[in-house]
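Close look at the chain arrangement
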Amino acid sequence: MQTNDNKIDVVIGLQWGDEGKGKIVDAIAGKYDLVARFQGGSNAGHTVFVGEQKIVLRTLPSGIISAPMNLIGANVVLDPVAFRDELEEVEKYVRGAKKRLVLSKEANLVLPTHKLLDKATEEKKGVGKIGTTLRGIGPTYMDKVGRLGIRSGHIFTENFKEKYDSLTSHHRMLLDSMGFAVDKELFEKNERDFFDAIEYLKTFTFVECSNFVNAQLDAGKKILAEGAQASLLDIDHGFTYPFVTSSNTIAAGVCTGLGVAPQKIGRVIGIMKAYVTRVGSGPFPTRCEPEMEAKLREWGGEFGAVTGRPRGCGWLDIVALKKAVMLSGVSELAITKLDILSECDTIKVATTYTVDGEKITHMPFETDAEKIIPNYEEFVGWKKTIRGAHSEKELPEGSKQYLAFIEQSVGVPVSIISTGPERLELIFR
Ligand code: GDP
Ligand code: IMO
Ligand code: MG
């Protein structure tokens, strides 16, 4: 029985990640009582600003600065060491962060050996590697689905160490069979660090995720669910599988990740960059040729927020964007980094692909990058800075045409325009 029609709003990325989810969540978090991460782990890097101070959040929800309560949800994979280090850093700038955080008992733990398995698997793949963040994400989700995983709530149980030893010895066997040499000294240090971080974890409030979230909804609390990674990296629907992450990054992931019913989903805010970037391996149809790519990377500062890896840069891909909008029932778009396009003489947008001589308007199953030829429409650049613009009146005509074209192409309105990295560099429509 539904007690009221209170719904959860959702923020998700619509491309290959790093769209500016952190910035947008932080900007609107003050309007919510609770901000909840529903999937992923420390593979995420969500950039926010506290005054002048830049902070990159990995496992913590981006509501940690402004929302009264934050939740790390059931389908998050929680690395205790990364979590402790991140929160200790955040607490230098955000007073009371720790008190405004609860964790799901169901979240699976990332063990030191999960990170080694991530590394070993990537090394074994060689040139075919996924280019993972090496945070142990894939191996932890594998154990979860294989029903071997250890959940956060288990840290309070008597046989936690037994569980740890059993899973770790299984991992050691796998690592041996892969011919992966473990650095004994370093591993022992990492294990000690892990158990120290477990003691730190024990000082937090843990909740049964679905009970907690549904009780908050019933009490009329306003909830925002924050996605990590993005739609094209979704484990089931990311069209460049296996070059994806290991969780459901689309809006449906909120239901499974937090334990709420589909009819409890409200606004779905899809975050898109005004162009496209991608880190790691895998097909990227609208990737620019090297000269233009280098320019976009420089103008946009396109380097991984955590790993520092250079991001591949390309033009907006409407074919991919439409799929992402469809997958999540996106109700509105937030477009970021429009200011970066002020540098361009010409701006291209892919509206269809040609594959084997045939024009298509959907993403093909066959993802041989060489085979996909994007068909572009071109826009004349507006060549006027819009950095920090706060109202639509400040936008040049060319940029308005660009926005109108996107809205018309995907059939969803742009409700937020981000014109710079800082919290207030925004236009709400
Ligand atoms: P996320 O993973 O989706 O949260 O995005 P990241 O934080 O990894 O990457 C987005 C980058 O773009 C960060 O460096 C942000 O500070 C920056 N950023 C976000 N929005 C804007 C914007 O509108 N303009 C500019 N110039 N930078 C932005
Ligand atoms: P945010 O939340 C961009 C990419 C990795 C790799 C693939 C699989 O900051 O947008 P994984 O470590 O998840 O097994 O890596 O997914 N990837 C991201 N790319 N932004 C992210 O997060 C990403 N998280 C994972 O580069 O290609
Ligand atoms: Mg990021």
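Refer to the structure presented above.
Residues numbered from 1 in each chain as written. Chains lettered and ligands numbered in written order. Predicted model: local features only at pLDDT ≥ 70, side-chain atom pairs only at ≥ 80, totals over all residues. Heavy atoms only, no water.

A few words now on the site of ligand 1. In the region of ligand 1, 19 residues are neighbours, and Lys-21, Gly-45, Thr-47, Asp-339 and Ser-418 sit closest. In the model, a nitrogen atom of ligand 1 is placed 2.8 Å from a nitrogen or oxygen of the Asp-339 side chain. Gly-420 places a main-chain nitrogen or oxygen 3.2 Å from an oxygen atom of ligand 1. When contributions to the shell around ligand 1 are tallied by element, the ones reaching two or more residues are helix 1 (21–28) and strand 3 (46–50). At three residues, strand 3 tops the list of elements feeding residues into the shell around ligand 1. Of the residues in the shell around ligand 1, the class split is four nonpolar, nine polar and six charged. (Near = heavy atom within 4 Å. Polar contact = N/O pair within 3.5 Å; in protein donor to acceptor, adjacent residues only side chain to side chain. Helix = DSSP H or I, 4+ residues; strand = E, 2+ residues; numbered from the N terminus. Nonpolar A, V, L, I, M, F, W, Y, C, P; charged D, E, K, R; others polar.)

What follows covers the packing of aromatic side chains. This structure, assessed with the given rule, holds 13 aromatic pairs. On the numbers, 6.3 Å between centres and 55° between planes, the contact of Phe-83 with Tyr-200 is tilted. Of the two residues, Phe-83 sits in helix 2 (residues 80–91) while Tyr-200 sits in helix 6 (residues 184–201), which places them 117 residues apart along the sequence. Note on Phe-83: relative accessible area 0%, which makes it buried. (Phe/Tyr/Trp six-rings, centres within 6.5 Å; stacked < 30°, edge-to-face > 60°. Buried < 20%, exposed > 50% of the residue type's maximum accessible area, 1.4 Å probe, protein only.)

Our next topic: the coordination of the magnesium ion (ligand 3). Taken together, Asp-18 (OD) and Gly-45 (O) make up the full set of protein donors to the magnesium ion (ligand 3), lying 2.0 to 2.2 Å away. Note that Asp-18 is positioned in the loop between strand 1 (8–13) and helix 1 and Gly-45 in the loop between strand 2 (34–37) and strand 3, a separation of 27 residues in sequence. (Donors = N, O, S within 2.8 Å, 3.2 Å for Na, K, Ca; no water.)

The next point concerns the pairing of strand 7 (residues 101–104). Burial of the side chains of strand 7 extends over both faces: Leu-101 and Leu-103 are buried on one face and Val-102 and Ser-104 on the other. In terms of strand pairing, strand 5 (residues 69–72) meets strand 7 through three bridges, oriented parallel. By the bridge assignment, Asn-70 is partnered in strand 7 with Leu-101. Summarising the sheet, strand 7 and strand 9 (residues 205–207) pair through three bridges and their orientation is parallel. Considered in strand 9, the bridge of Leu-103 is made with Phe-206. (Pairing = 2+ DSSP bridges.)

With that settled, the discussion passes to the sheet that holds strand 15 (residues 332–336). Reading across from one edge, 9-7-5-2-10-1-11-15-19-20 is the order of the ten strands in this open sheet, with mixed pairing throughout. A strand with exactly one partner marks an edge of an open sheet, and here the two such strands are strand 9 and strand 20 (426–428). Going across the sheet, the axis of each strand differs from the next one's by a mean of 25°, ignoring polarity. The strands touched by helix 1 are strand 1, strand 2, strand 10 (223–226), strand 11 (265–273), strand 15, strand 19 (414–418) and strand 20; relative to strand 1, the strand with the most contacts, the crossing angle is about 155°. Against the sheet, helix 11 (residues 397–410) touches strand 11, strand 15 and strand 19, its axis set at about 145° to strand 15. (Axes fitted to C-alpha atoms, helices over the stretch in contact; angles between N-to-C directions. Contact = heavy atoms within 4.5 Å.)

Attention now moves to the pairing of strand 15. Regular strands place their side chains on alternate faces of the sheet. The buried fraction of strand 15 amounts to five of the five residues, a majority that puts the element mostly inside the structure. Residues Glu-332, Ala-334 and Thr-336 of strand 15 are buried on one face, and the alternating residues Leu-333 and Ile-335, pointing to the opposite face, are buried as well. Pairing geometry for strand 15 and strand 19, over three bridges, is parallel. Among the inter-strand pairings, Leu-333 is bridged to a residue of strand 19, identified as Val-414.

A separate point is the packing of helix 5 (residues 160–177) against helix 6. Interhelical geometry of helix 5 versus helix 6 gives an angle of 150° and a closest axis separation of 14 Å. It follows that helix 5 is roughly antiparallel to helix 6 by the angle criterion. The handedness of the crossing between helix 5 and helix 6 comes out as right-handed. The segment helix 5 lies against helix 6, with Phe-160, Lys-161, Tyr-164, Thr-168 and Arg-172 engaging Phe-187, Glu-191, Phe-194, Phe-195 and Ile-198. (Parallel < 35°, antiparallel > 145°, perpendicular 65-115°, else oblique. Left-handed = near helix turned anticlockwise from the far one by under 90°.)

Close to ligand 2 lie 20 residues; Lys-21, His-46, Thr-133, Gln-229 and Thr-245 are nearest. Here Asp-18 contributes a backbone N or O atom positioned 2.8 Å from an oxygen atom of ligand 2. Contact distances for ligand 2 include 2.6 Å between an oxygen atom and a side-chain N or O atom of Thr-133. Burial of ligand 2 by the surrounding chains reaches 97%, relative to a free accessible area of 550 Å². Here the residues of the shell around ligand 2 are counted per class, giving seven nonpolar, ten polar and three charged. (Areas by Shrake-Rupley, 256 points an atom, 1.4 Å probe, with all protein chains shown as cover.)

Glancing now at helix 5. The end-to-end C-alpha distance of helix 5 is 26 Å, a good match for the 26 Å that 18 residues give at a rise of 1.5 Å each. Residues of helix 5 that are buried include every one of Phe-160, Tyr-164, Leu-167, Thr-168, His-171 and Leu-175, and no others. With its buried residues spanning 100° around the axis, helix 5 presents them on a single face. Residues Glu-162, Met-173, Asp-176 and Ser-177 are exposed on helix 5 and point more than 90 degrees away from its buried face. Buried residues belonging to helix 5 abut strand 8 (108–109), helix 3 (112–125), helix 4 (137–145) and helix 6. Backbone geometry just downstream of helix 5 places Gly-179 in the positive-phi region, at approximately 70°. (Expected span 1.5 Å × (residues − 1). Arc of directions from axis to C-beta.)

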